[in-house]
Amino acid sequence: MAFVITELCRDEKAAVCLDVCPVNCIVMTDTQYVINPEICIDCGACELVCPVEAIFFEDELPPEYNSATQLALNHFRN
Ligand code: SF4
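What counts and how
- Residues numbered from 1 in each chain as written.
- Predicted model: local features only at pLDDT ≥ 70, side-chain atom pairs only at ≥ 80, totals over all residues.
- Heavy atoms only, no water.
- Helix = DSSP H or I, 4+ residues; strand = E, 2+ residues; numbered from the N terminus.
- Rg over C-alpha atoms; globule rule 2.2 N^0.38 Å.
- Contact = heavy atoms within 4.5 Å.
- Areas by Shrake-Rupley, 256 points an atom, 1.4 Å probe, with all protein chains shown as cover.
- Near = heavy atom within 4 Å.
- 1 Å grid on protein atoms, 1.4 Å probe; cavity = no way out; pocket = protein on both sides within 12 Å on 5 of 7 lines; lining within 4 Å.
- Sits in = over half its atoms within 2 Å of the grid points.
- Points joined across faces, edges and corners; volume = space filled by probe spheres on them.
- Nonpolar A, V, L, I, M, F, W, Y, C, P; charged D, E, K, R; others polar.
- Buried < 20%, exposed > 50% of the residue type's maximum accessible area, 1.4 Å probe, protein only.
- Arc of directions from axis to C-beta.

**A short note on the overall build of the protein chain**
Of the regular secondary structure elements, the protein chain holds three helices and four strands. In terms of overall dimensions, the protein chain is globule-like: its C-alpha atoms have a radius of gyration of 11 Å, near the 12 Å expected for 78 residues. Over its C-alpha atoms, taken along the principal directions, the protein chain stretches across nearly 25 × 25 × 25 Å. In the protein chain, the proportion of contacts linking residues at least 24 apart, taken out of those at least 6 apart, comes to 66%. For the protein chain, the accessible surface area stands at approximately 4700 Å², while carbon and sulfur atoms represent 48% of it.

**Focus: the site of the ligand**
The environment of the ligand is made up of 13 residues, and the closest members are Cys21, Cys40, Cys43, Gly44 and Cys46. Cavity membership is defined here by more than half of the atoms lying within 2 Å of grid points; on that basis the ligand lies in the second largest cavity.

**Describing empty space enclosed by the protein**
A complete count under the given rule lists two cavities of 30 Å³ or more for this structure. For the largest cavity, the calculated volume is near 90 Å³. Estimated volume of the second largest cavity: approximately 60 Å³. Cys21, Cys25, Cys40, Cys43 and Cys46 are the residues nearest the centre of the second largest cavity, which is lined by 13 residues in total. Looking at side-chain class alone, the lining of the second largest cavity contains eleven nonpolar, one polar and one charged residues.

**Some details on helix H3 (residues 67–76)**
Within H3, burial applies to Ala68, Thr69 and Ala72. Seen end-on, H3 carries its buried residues on one side only, within an arc spanning 105°. On its buried side, H3 packs onto strand S1 (3–5) and strand S3 (33–35).

**A word on the environment of Ala14**
When you line up the elements, Ala14 lands in the loop between S1 and helix H1 (16–20). Among the residues examined, Ala14 registers a relative accessible area of 36% and is labelled partly exposed. As for Ala14 and Pro51, which are separated by 37 residues in sequence, their C-alpha atoms are 7.4 Å apart.

In structure tokens, the structure reads:
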């Protein structure tokens, strides 16, 4: 389980989440920031600072943002 960044990030890309993540598991893609679920330690720090509330715990992801989990998995797939 991990935190997930939804498409709400796309027009914002504020990047404050990068500053607070203790394990540096957030990276930029072509469209938005994504969280590496293999490294995220579920601390929740990024969720608290996101100015557009784009970040959710995976279990609490609203259904309309389900594609966000797959986006992250695809990005970090080797
Ligand atoms: Fe980083 Fe914590 Fe956010 Fe996971 S929950 S991406 S470890 S700040």
